[in-house]
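# Structural overview
Listed below are the residues making up each chain.
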Amino acid sequence: MIGVGKIKQYSNVLEKPLSRGKQEVSLSAFAFLFSEMVQYNQTQVDNIAELERRLEDAGYAVGARVLELLCHREKVADSLEKGTEHEDEYMISEKELLVNKFISIPKDMGTFNCGAFVAGIGVLDSAGFPAVVTAHFVPVEGQLRPRTTILIKFAEEVFITFHNLFITQRYNSMDFGSLWVDVRFLDFVSMIMKSLLALGVGGFSVLAHFSYEEMSS
Amino acid sequence: MPAVAPRSGEAIFASAEHVNAELFTLTYGAIVRQLLTDLEEVDEVNKQLDQMGYNIGVRLIDEFLAKSNVSRCVDFKETAEVIAKVGFKMFLGVTATVTNWDAEGTTCSLVLEDNPLVDFVELPDMCQGLHYCSILSGVIKGALEMVSMKTEITWIRDMLLGDDAYELQVKLLKQVPEEYPYKDDE
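Residues numbered from 1 in each chain as written. Chains lettered and ligands numbered in written order. Predicted model: local features only at pLDDT ≥ 70, side-chain atom pairs only at ≥ 80, totals over all residues. Heavy atoms only, no water.

Bringing the overall build of chain A into the picture now. Scanning chain A from terminus to terminus reveals six helices and five strands. From first element to last, N terminus to C terminus, chain A shows the α and β order β-α-α-β-α-β-β-α-α-β-α. Burial statistics for chain A: of 217 residues in total, 44% are counted as buried. When contacts within chain A are restricted to residue pairs at least 6 apart in sequence, long-range pairs at least 24 apart make up 70% of them. Accessible area for chain A stands at about 12000 Å²; split by element, carbon and sulfur atoms hold 53% of it. (Helix = DSSP H or I, 4+ residues; strand = E, 2+ residues; numbered from the N terminus. Buried < 20%, exposed > 50% of the residue type's maximum accessible area, 1.4 Å probe, protein only. Contact = heavy atoms within 4.5 Å. Areas by Shrake-Rupley, 256 points an atom, 1.4 Å probe, with all protein chains shown as cover.)

Quick look at the structure:
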């Protein structure tokens, strides 16, 4: 039969070579699919918090797999410059988040943000780092639609761990001790960015440290 | 208005906005996973996926017609070719092959050479009755219904169930006459 010859069969999905991740589908195909996902989940919940939680769960399932994929595909990069101060919150901001592009929120749904799905993708605990990742709308002056901000807040224990590591390394008087800690720490943020970028969920333009106060003001 | 030449699937796909196929694949995977958790029964999951596909098809046909400039197909054979070469291409970036026509020209198979839904997928034993790609059959059914064709779509072959290709059988049940006085835009 025509065309069938092109299909290669593998007895096991693990034998299949990993694609290089360059394939694309149309944005509308994704938008249709995403919209069905949101609509289906709407039928399964009573309130918005629940809906966001379910979308986050779905995103988390995606994120965990992308992370794995990236780890197989490349060594975690050293692209982020070394930070000076540790802050426990990072923000990624996007004017029009891909998943929100064709979404308008009905008035009665208040602050519901489909970015919850993206926030779920960014959840790092599959990489061993508990973090709370949430999506928020932030109104921009002079613009009709708000921008979406993904807030990454690392759990306190991460910092304790890092702190301990830092001290241990110092006591061992290893010159590169502190550097290692910093670089590792930034790697996680870099990893989220990479996951999101690799998926093309956004060309994130801002990566900065913010404290919670700065954010809410 | 002068007639506009139909555009090829490649041309439409090339000019469309894209997203990474892995995001698409994994998002679909996440949906199927949610359904399996919520509904538990594999048959129910098939039904729900089909329904979601149908909902998509009903809306997708508008975009398809608007972007492709495809005019009315002379027969079902042409319709099948258009789905395979233009429809699949413009949304998923892949094409299907149309084969296995019956004598009446109302039943045919769409064979997918490449299927962006199934990357990284392997079905566990408990999911053996699952037609993972049921959403596709739903889309085609929904879209065709919007252009007055009632169809029945069956999965014949599914690589995830051990077959050598993805094959969808599309059977034209009836062509519903248009109720509204309708004229093709010239």
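Attention shifts here to the state of the cysteines. Residues and elements named next belong to chain B. Overall, the coordinates contain zero disulfides over all chains when judged by the stated rule. Take Cys-127: it sits in no disulfide, and the sulfur closest to it among the cysteines is that of Cys-133, at 13 Å. Residue classification places Cys-127 among the buried positions, given a relative accessible area of 2%. (Disulfide = S-S within 2.5 Å.)

Residue and element names in this part refer to chain B. The four strands are arranged β2-β3-β5-β4 in an open sheet whose pairing can be described as antiparallel. The open sheet has two edge strands, β2 (96-99) and β4 (149-157), and neither has a second partner. Within the sheet, the average angular offset between the axes of one strand and its neighbour, ignoring direction, is 25°. Alignment of β2 against strand β3 (residues 107-112), held across four bridges, turns out to be antiparallel. Bridge assignment links Ala-96 to a residue of β3, and that residue is Leu-112. On the sheet, helix α4 (residues 76-92) packs against β2, β3, β4 and β5 (166-175) and is oriented at approximately 165° with respect to β2. Sheet contacts for helix α5 (residues 134-146): β3, β4 and β5; angle to β4, the most-contacted strand, approximately 160°. (Pairing = 2+ DSSP bridges. Axes fitted to C-alpha atoms, helices over the stretch in contact; angles between N-to-C directions.)

All names here are of chain B. Where β3 lies against β5, six bridges are found, and the strand directions are antiparallel. In the strand pairing of β5, Ser-109 is matched with Gln-169. Alignment of β4 against β5, held across eight bridges, turns out to be antiparallel. Each bridged residue has a counterpart across the sheet, and for Lys-150 the counterpart in β5 is Lys-174.

Attention shifts here to α5 of chain B. Residue and element names in this part refer to chain B. Look at α5: 19 Å from first C-alpha to last across 13 residues, which is about the 18 Å you get at 1.5 Å a residue. The buried fraction of α5 is high, at ten of 13 residues. All of the buried residues along α5 are Ser-134, Ile-135, Leu-136, Ser-137, Gly-138, Val-139, Ile-140, Gly-142, Ala-143 and Leu-144. A positive backbone phi angle near 70° is found at Ser-148, which sits one or two residues after α5. (Expected span 1.5 Å × (residues − 1).)

Our focus in this paragraph is helix α2 (residues 21-39) of chain B. Residues and elements named next belong to chain B. The end-to-end C-alpha distance of α2, which contains 19 residues, comes to 27 Å, matching closely the 27 Å that a straight helix rising 1.5 Å per residue would cover. The buried count for α2 comes to 15 of 19 residues, which makes it a mostly enclosed element. The backbone nitrogen of Glu-22 lies 2.5 Å from a side-chain oxygen of the residue at the head of α2, namely Asn-20. At the C-terminal side of α2, Glu-40 shows a positive phi close to 65°. (Polar contact = N/O pair within 3.5 Å; in protein donor to acceptor, adjacent residues only side chain to side chain.)

For the rest of this paragraph, the subject is the environment of Met-109 of chain A. All names here are of chain A. Here Met-109 is to be found in the loop between β2 (89-94) and α3 (116-121). For Met-109, a relative accessible area of 11% puts it in the buried group. In this structure the C-alpha to C-alpha distance between Met-109 and Gln-39, which are 70 residues apart in sequence, comes to 13 Å. Excluding residues within four positions of it along the chain, Met-109 makes contact with Gln-42, Ile-48 and Leu-51.

Glancing now at the pairing of β3 of chain B. The buried count for β3 of chain B comes to six of six residues, which makes it a mostly enclosed element. Here β3 of chain B shows no split at all, with Thr-107, Ser-109 and Val-111 of chain B on one side and Cys-108, Leu-110 and Leu-112 of chain B on the other all buried.

A negative phi angle characterises most non-glycine residues, just as the trans form characterises most peptide bonds. All names here are of chain B. Of note, the phi angle at Asn-100 is positive, near 55°, even though the residue is not glycine. Mapping Asn-100 onto the fold places it in the loop between β2 and β3. Despite not being glycine, Phe-120 shows a phi value in the positive range, around 65°. Along the chain, the position of Phe-120 falls in the loop between β3 and α5.

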